[in-house]
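This is what each chain is made of:
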Amino acid sequence: MGIDRNPQAKVQRTVVSFIILFYLALQGSATFTMNWRFISYYFPFVNYPMYTATHYEGEHVRPGNIIVGRLDDNSEVEIHEKDLGLNYWQFRWGFGGAVLRGNQGEIVKYLLYYKGANGKRFTSLTVKSFPAIVTREGMRPSPPEDIRTVQLTYTDRE
Amino acid sequence: MSAREVWNNYWFNPAPLLNLAICRIAAVGFQLAFLLWNFQYSNFTVIKGFSEQPDTLYSPLLVLRFLTFPFGSHYRPTLEVVEVVYWITIFAGVLSLIGLMTNLGLVAFAAGCLFLQSFIYSFGDFHHAEAVMMIALSILALSPAGAVLSIDDLRRRLLRARQRSQLEEFNILEEKSPFARWPILLIQWIIVLLYTSAFISKMFHSGMGWMNGYTLQYILIEDGLRDQNHLGIWLGQFHTLLQILQIIVMLFQGTFFLVLIFPWTAVLFLPMGVAFHTGNYVFLSTPFYQWVTLYAVFVPWTQAVQFLSRFRRVQAAQKKVEILYDGQCPLCIRSMTQLRYFDWFNRLAYSDVLKRWPSVAERLHGTTLDDCLREMYVLLPEGSVRKGFFAFREILRHLPPLWPLLVFFHLPYASRFGPPIYNFVASNRFRFKKCDDDTCARPDHSNRT
């Protein structure tokens with residue numbers, strides 16, 4: 001059985017060929033696009049840039065960062081994902097990432113939930129890290145450290 | 001040969017429909033189980049959490065905007081809407097799995113899965129594992145994935161058998177279509193592009209230095225501490241082993257494209273891939289079950305079944321189990337058509353008892369033709385005979401796709417309660433099925449015994 005030459009099959013093949021090219025073009029461009037932000041446009045055609053960074057001996061691993069906030073009454077509280085109505089990944093990558101980058105606008109978006117639930121505002125946030133050090137023999141603990149502090153200012157609407 | 005001919009030969013060469021159907025069952029079966037299990041026990045909690053989050057955190061993916069476009073560009077689905085979509089998706093998945101209105105079911109299933117997943121990913125929490133399954137389902141929805149191994153196909157064959165009033169020769173392993181190849185090849189291409197993406201990303205960001213052993217130690221320790229995965233932290237001690245594993249990972253991801261050029265290399269790449277993803281799951285807690293499930297597209301199922309079929313036939317010295325059926329009874333023809341549908345290994349011979357009676361009467365000593373018409377008789381190659389419930393149980397043994405049913409036929413007391421149930425069904429079978437004409441009325445053959 002070879003390639004069917006009848007006109008209807010020809011039309012079908014042409015339509016399917018466009019479908020194939022459409023899928024290949026989208027996945028191909030996602031594959032060769034290195035920018036993570038494009039994912040929201042391409043999904044479900046995504047690239048796979050996980051675990052791409054090189055790490056070296058002596059580097060600090062920081063899986064257990066905590067975020068401590070200073071409130072406008074000068075008290076300090078540790079902020080958990082539930083305090084902001086987030087799940088683990090949103091807290092870690094979304095809120096945690098925004099704090100590490102010092103992105104005020106993004107941080108305030110996440111803190112709106114806290115203000116709504118508790119009526120309080122944070123004046124500053126500090127990321128405290130409990131790192132481990134990578135050695136040839138495995139993991140070695142390291143003393144805790146503050147790795148970022150962000151002073152927060154608000155507009156009237158916030 | 002022109003470029004068009006090369007293209008057509010590559011994508012549209014007639015290929016077995018069984019391969020595509022098995023891929024459909026694997027993909028839909030997995031995704032359905034994933035939806036039922038993962039959503040009920042995990043994702044619905046996540047979705048409920050999302051429903052309480054402010055609009056400022058809702059950033060719908062483009063595909064979700066497209067799917068909800070009729071409701072306005074700023075539409076945000078409520079929890080109730082998501083739940084309704086979920087149950088419609090489950091229903092469509094069941095249709096796709098059993099092959100009832102297959103393409104319609106697949107379109108609805110693929111769209112529903114895409115909606116649910118893209119909604120979950122519209123709150124800044126994004127993962128990778130699920131995307132490839134969304135693409136694969138949408139490709140299957142556009143293909144003749146339900147042309148065999150489906151209720152749609154079985155119904156077509158039953159209708160034809162009824163119209164012709166005879167049992168037709170067919171074997172679904174031999175059914176081919178020029179449109180059965182492209183969906184499988186396209187999913188293969190997508191998987192290859194994904195691994196290539198992982199390889200290119202590492203090379204672009206880090207180059208060969210990525211394979212220094214410390215990188216994987218770092219990853220294992222970081223993810224191990226985060227997820228409390230002690231196995232990951234334990235593995236993080238073995239620097240040299242991890243360096244070797246990193247080299248293997250790079251080789252695997254960087255050369256996976258070879259399966260498209262030399263399909264036989266799947267024998268090497270698929271076990272490596274299964275080991276790679278299993279290792280990731282055990283030591284890094286990263287579940288990529290979807291990818292492993294979709295490896296089904298690299299398996300030449302038809303050839304595998306045909307190879308096993310030849311092997312089994314040689315083992316059985318080419319002797320078949322013979323079923324005696326009433327060739328004048330449409331219901332019997334219908335039953336034989338159903339059995340033949342699953343007789344992939346060609347292990348059964350179907351004989352019209354009215355034609356065969358003179359030659360088998362002696363072998364069935366003490367049995368009348370009317371007995372044979374009353375219940376099913378099966379002649380085994382070594383000379384023994386099974387009838388009724390035990391005949392049916394024997395037949396199932398030779399039809400691997402129906403082996404799951406054997407569990408019920410071997411339950412405790414099945415031998416005691418099975419025969420009366422079988423006899424009841426057999427003696428009342430004419431009442432269970434409405435006929436257009438009088439052909440269902442069993443003719444009296446008592447004078448021929």
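The structure displayed is predicted, hence computed values, not measured ones. (Residues numbered from 1 in each chain as written. Chains lettered and ligands numbered in written order. Predicted model: local features only at pLDDT ≥ 70, side-chain atom pairs only at ≥ 80, totals over all residues.)

What follows concerns the overall build of chain A. In terms of helices and strands, chain A carries four helices and seven strands. In chain A, the succession of α and β elements from N to C terminus is α-α-β-β-β-α-α-β-β-β-β. For a compact globule of 158 residues, the expected C-alpha radius of gyration is about 15 Å, and chain A comes in at 24 Å, more than 25% above that figure. Overall size of chain A, expressed as C-alpha extent along the three principal axes, is 80 × 50 × 20 Å. (Helix = DSSP H or I, 4+ residues; strand = E, 2+ residues; numbered from the N terminus. Rg over C-alpha atoms; globule rule 2.2 N^0.38 Å.)

Moving on, we come to the interface of chain A and chain B. Where interface size is given, it is often the accessible area lost as the parts come together that is meant. At the junction of the two partners, chain A supplies 52 residues and chain B supplies 64 residues. Breaking the side of chain A that touches chain B down by element, the ones donating at least two residues are α1 (7-31), α2 (39-42), α3 (88-101), α4 (104-118), β5 (132-135) and β6 (138-141) of chain A. Considering only residue class, the side of chain A that touches chain B consists of 30 nonpolar, 15 polar and seven charged. (Contact = placed C-beta atoms within 7 Å. Nonpolar A, V, L, I, M, F, W, Y, C, P; charged D, E, K, R; others polar.)

Here the focus is the nonpolar core. All names here are of chain B. The biggest cluster of nonpolar side chains holds 80 residues, and the ones touching the most others in it are V132, A136, L137 and L294. In terms of residue count, helix α8 (residues 182-205) provides more of this core than any other element does, twelve residues in total. When residues no more than four places from it in sequence are discounted, the contact partners of L294 are A27, V132, M133, A136, I187 and I191. C332, L339, L369 and C372 belong to the second-largest nonpolar core, a separate cluster that totals 25 residues. (Core = buried A, V, L, I, M, F, W, Y, C linked by C-beta atoms within 7 Å. Buried ≥ 20, exposed ≤ 12 C-beta atoms within 10 Å, placed from the backbone.)

This part covers helix α16 (residues 330-341) of chain B. Residues separated by three or four positions in an α-helix point in the same direction, a consequence of the helix having 3.6 residues per turn. All names here are of chain B. Between its first and last C-alpha, α16 extends 16 Å over twelve residues, near the 16 Å set by a 1.5 Å rise per residue. Residues of α16 that are buried: C332, I333, M336, T337, L339, R340 and Y341. Where the residues of α16 are buried, they touch α7 (151-164), β3 (321-325), β4 (348-352) and α19 (388-397). (Expected span 1.5 Å × (residues − 1).)

Residues and elements named next belong to chain B. As summarised here, the arrangement of the four strands in space is β4-β3-β5-β6, forming an open sheet in which the pairing is mixed. Two strands close off the open sheet at either side, each with one partner strand: β4 and β6 (385-387). The sheet shows a mean angle of 25 degrees between the axes of neighbouring strands, direction not considered. Two strands pair when backbone bridges link them, and β3 and strand β5 (residues 377-379) are joined in this way by three bridges, in the antiparallel orientation. Following the sheet pairing, I323 is matched in β5 by V378. Against the sheet, α19 contacts β3, β4, β5 and β6, and its axis sits at roughly 110 degrees relative to β6. (Pairing = 2+ DSSP bridges. Axes fitted to C-alpha atoms, helices over the stretch in contact; angles between N-to-C directions.)

Moving on: the confidence of the model for chain B. Residues and elements named next belong to chain B. Summary statistics for chain B give a mean pLDDT of 87 and a share of 93% for residues scoring 70 or more. With pLDDT under 50 throughout, residues 436-449 is counted as low confidence; its partners more than four residues away or in other chains account for 18 contacts. The complex prediction reports pTM at 0.85, with the ipTM value standing at 0.85. (pLDDT = per-residue confidence, 0-100.)

Its domain assignment divides chain A into domain 1 (1-52) and domain 2 (60-151). Placing a centre on the C-alpha atoms of domain 1 of chain A and another on those of domain 2 of chain A gives a separation of 40 Å. (Domains from an automatic or database assignment.)

What follows concerns the packing of α1 of chain A against α8 of chain B. Viewed as axis vectors pointing N to C, α1 of chain A and α8 of chain B meet at an angle of 10 degrees, and their least axial separation amounts to 9 Å. Classed by the angle they form, the pair α1 of chain A and α8 of chain B counts as roughly parallel. Each of V16, I20, Y23, L24, Q27, G28 and T31 of chain A in α1 of chain A lies in contact with α8 of chain B, whose residues at this interface are W182, L186, W189, I190, L193, T196, S197 and I200 of chain B. Its residues assigned to classes, the contact of α1 of chain A with α8 of chain B shows ten nonpolar, five polar and no charged. (Parallel < 35°, antiparallel > 145°, perpendicular 65-115°, else oblique.)

Here we come to the domain arrangement of chain B. Residue and element names in this part refer to chain B. Parsing chain B into structural domains produces domain 1 (1-180), domain 2 (202-311) and domain 3 (316-448). A C-alpha centroid distance of 37 Å is found between domain 1 and domain 3. Taken residue by residue, the interface counts twelve residues in domain 1 and eleven residues in domain 3. Among the residues making up the side of domain 1 that touches domain 3, the classes are represented as seven nonpolar, three polar and two charged.

This brings us to the pairing of β3 of chain B. Burial analysis of β3 of chain B places four of its five residues in the buried class, which makes it a mostly covered element. In this fold, the crossover linking β3 of chain B to β4 of chain B by way of α16 of chain B has right-handed handedness. (Right-handed = clockwise from strand over helix to strand, strands pointing away.)

Among the structural elements, I135 of chain B can be located in helix α6 (residues 131-141). What I135 of chain B contacts, discounting residues up to four positions off in sequence, is P44 and F45 of chain A together with I190 of chain B.

Looking now at unusual backbone geometry. Residue and element names in this part refer to chain A. Here the residue pair F43 and P44 is connected by a cis peptide bond, since its omega of 10 degrees sits within 30 degrees of zero. You can see P44 is positioned in the loop between α2 and β1 (60-61). Located in the positive-phi region is N74, a residue other than glycine, with phi close to 75 degrees. Mapping N74 onto the fold places it in the loop between β2 (66-71) and β3 (76-79). By C-beta crowding, N74 is classed as exposed, having 7 other C-beta atoms within 10 Å.

Moving on: α8 of chain B. Given a rise of 1.5 Å per residue, 24 residues ought to cover 34 Å, and the 34 Å separating the end C-alpha atoms of α8 of chain B matches this to within 8%. Counting buried positions along α8 of chain B yields 17 of 24 residues, so the element is predominantly enclosed.

What follows deals with the sheet that holds β6 of chain A. Sheet architecture is open: three strands sit in the order β1-β5-β6 (chain A), paired in antiparallel fashion. Every other strand in the sheet has two partners, leaving β1 and β6 of chain A as the edge strands with one partner each. Note: β5 of chain A against β6 of chain A, four bridges, orientation antiparallel. Paired with T135 of chain A across the bridge in β6 of chain A is G138 of chain A. Contacts from helix α9 (residues 214-227) of chain B reach β1, β5 and β6 of chain A, with the element oriented near 150 degrees to β5 of chain A.

With respect to the helices and strands, the residue E76 of chain A is situated in strand β3. Other than its neighbours up to four places away in sequence, E76 of chain A contacts V68 and R70 of chain A.

Glancing now at the packing of helix α4 (residues 79-98) of chain B against helix α5 (residues 102-120) of chain B. Residues and elements named next belong to chain B. Where α4 meets α5, the axes come as close as 8 Å, and the angle between the chain directions of the two elements is 145 degrees. For the pair α4 and α5, the crossing hand works out as left-handed. Facing V82, V85, Y86, I88, T89, A92, G93, L95 and S96 of α4, the residues of α5 in contact are T102, G105, L106, A108, F109, G112, C113, F115, L116 and F119. Of the residues that constitute the contact of α4 with α5, the class distribution is 13 nonpolar, six polar and no charged. (Left-handed = near helix turned anticlockwise from the far one by under 90°.)

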